[in-house]
Amino acid sequence: MKKLFVAGLVSLALSASLAQAKFFIGVDAGYDYSKVTPKFIANNMGDILWGSSVFYSPTFIDFHSWVAGINLGTSHDITDNFGLRWVLGGNYAQAIEPKNTLQSIDIYLGIDTLLTFVNTGSMKFGAIMGLEANFYLYDYVDNMFGSRDSHLATANVSAGASARLGLGLGLGEHNSFEFLLRIPVAESNLDGGAFYSPLRFTLGYKVLF
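Right, let's walk through the structure included here.

Calculation rules
Residues numbered from 1 in each chain as written. Predicted model: local features only at pLDDT ≥ 70, side-chain atom pairs only at ≥ 80, totals over all residues. Heavy atoms only, no water. Patch = residues over 30% accessible without salt bridge, like charges linked within 9 Å, V, L, I, M, F, W, Y side chains within 5 Å. Areas by Shrake-Rupley, 256 points an atom, 1.4 Å probe, with all protein chains shown as cover. Salt bridge = Lys/Arg side-chain N within 4 Å of Asp/Glu carboxyl O. Helix = DSSP H or I, 4+ residues; strand = E, 2+ residues; numbered from the N terminus. Buried < 20%, exposed > 50% of the residue type's maximum accessible area, 1.4 Å probe, protein only. 1 Å grid on protein atoms, 1.4 Å probe; cavity = no way out; pocket = protein on both sides within 12 Å on 5 of 7 lines; lining within 4 Å. Points joined across faces, edges and corners; volume = space filled by probe spheres on them. Pairing = 2+ DSSP bridges.

Attention now goes to a nonpolar patch on the surface. Together, Phe-23, Ile-25, Leu-72, Trp-86, Leu-88, Ile-105, Ile-107, Leu-109, Phe-135, Leu-137, Leu-190 and Phe-209 give the surface a local cluster of nonpolar side chains, amounting to about 1,100 Å² of exposed area. Going through the elements one at a time, β1 (22–36), β4 (82–95), β5 (100–119) and β6 (123–142) are the ones with two or more residues in the nonpolar patch. Topologically, Trp-86 is positioned in strand β4. On the basis of relative accessible area, Trp-86 is assigned to the partly exposed category, the value being 34%.

In this section: the layout of surface pockets. Taken as a whole, the largest pocket spans an internal volume of roughly 530 Å³. Lining the largest pocket are 33 residues, with Asp-77, Leu-114, Lys-124, Gly-170 and Ser-176 sitting closest to its centre. Elements represented by at least two residues in the lining of the largest pocket include exactly β1, β3 (61–77), β4, β5, β6, β7 (152–171), β8 (175–189) and β9 (199–208). With 6 residues, β6 is the largest single contributor of residues to the lining of the largest pocket.

This paragraph deals with the pairing of β3. For β1 and β3, the ladder comprises 15 bridges, and the chain directions are antiparallel. Across the sheet, residue Gly-30 finds its bridge partner in β3, namely Val-67. By the bridge criterion, 13 bridges tie β3 to β4 in an arrangement that is antiparallel. Bridge pairing in β4 places Ala-68 opposite Tyr-92. Hairpin connection from β3 to β4: 4 residues lie between these consecutive antiparallel strands.

The values are spatial; any link to function lies outside them.
Put into C-alpha cells, the structure is as follows:
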C-alpha cells in the first residue's frame, strides 16, 4: 500500500510537470573563438582534448568566426523559480578574417537548469546552467603570412561535451531572450585529425508555445 501511495505521488508530480511543459523553437547568433591544433599534434583517432583549445599553445592556429543556428525543445516549470529544459540544435560557423578560412557544422543535445531570480508574472529573469553533447564536422585552411597558398588544409570530425552558462529574460508567455556562453569540457577527434573546440558566445531568441 505504501509503495502504491509513493508511486501515485510520483505519477502526480510528473503529470503536473508535463502539464506545465512548453515547446519552444529558437534562433541563435554569435561569435566563436577557437584555436585549431595542427595535424601533426593531434594525429591519433580517439585522442581527447580537455577544455577549450584556446587555453593551449600559442602555436595553435587562431580562428575568429561568426555563428548562427536554430534549436528546439521543451521547457518544464518545476516551481515558480526553478525549471528544466532539453534542447536540440544545430549551428553553422565561418571564419571572419580572410587570412585563415574555417567552416563548421555542429549538432548538439543539451539539458539546462533554469534558475529564476525575478518573476513578476509578465517578466522573468534568471540564470541558465547546463551541459550539452556535441558533434562537429569542419574543415579549415591556414594561409601563412597572408598568402593564399594553402599551408594546411584538412576536413575533420569530432565529438565532445560543453558546459552551458548564461542569462535569460522572459517577456510574457511566449518570448524568451538569452545570452549563452558555451565552454568545452572535453573533445575527441573521431578521424585522427585536428581538434576544434571553440569558446562560443551567442544571443538567442525563443518562441514558446
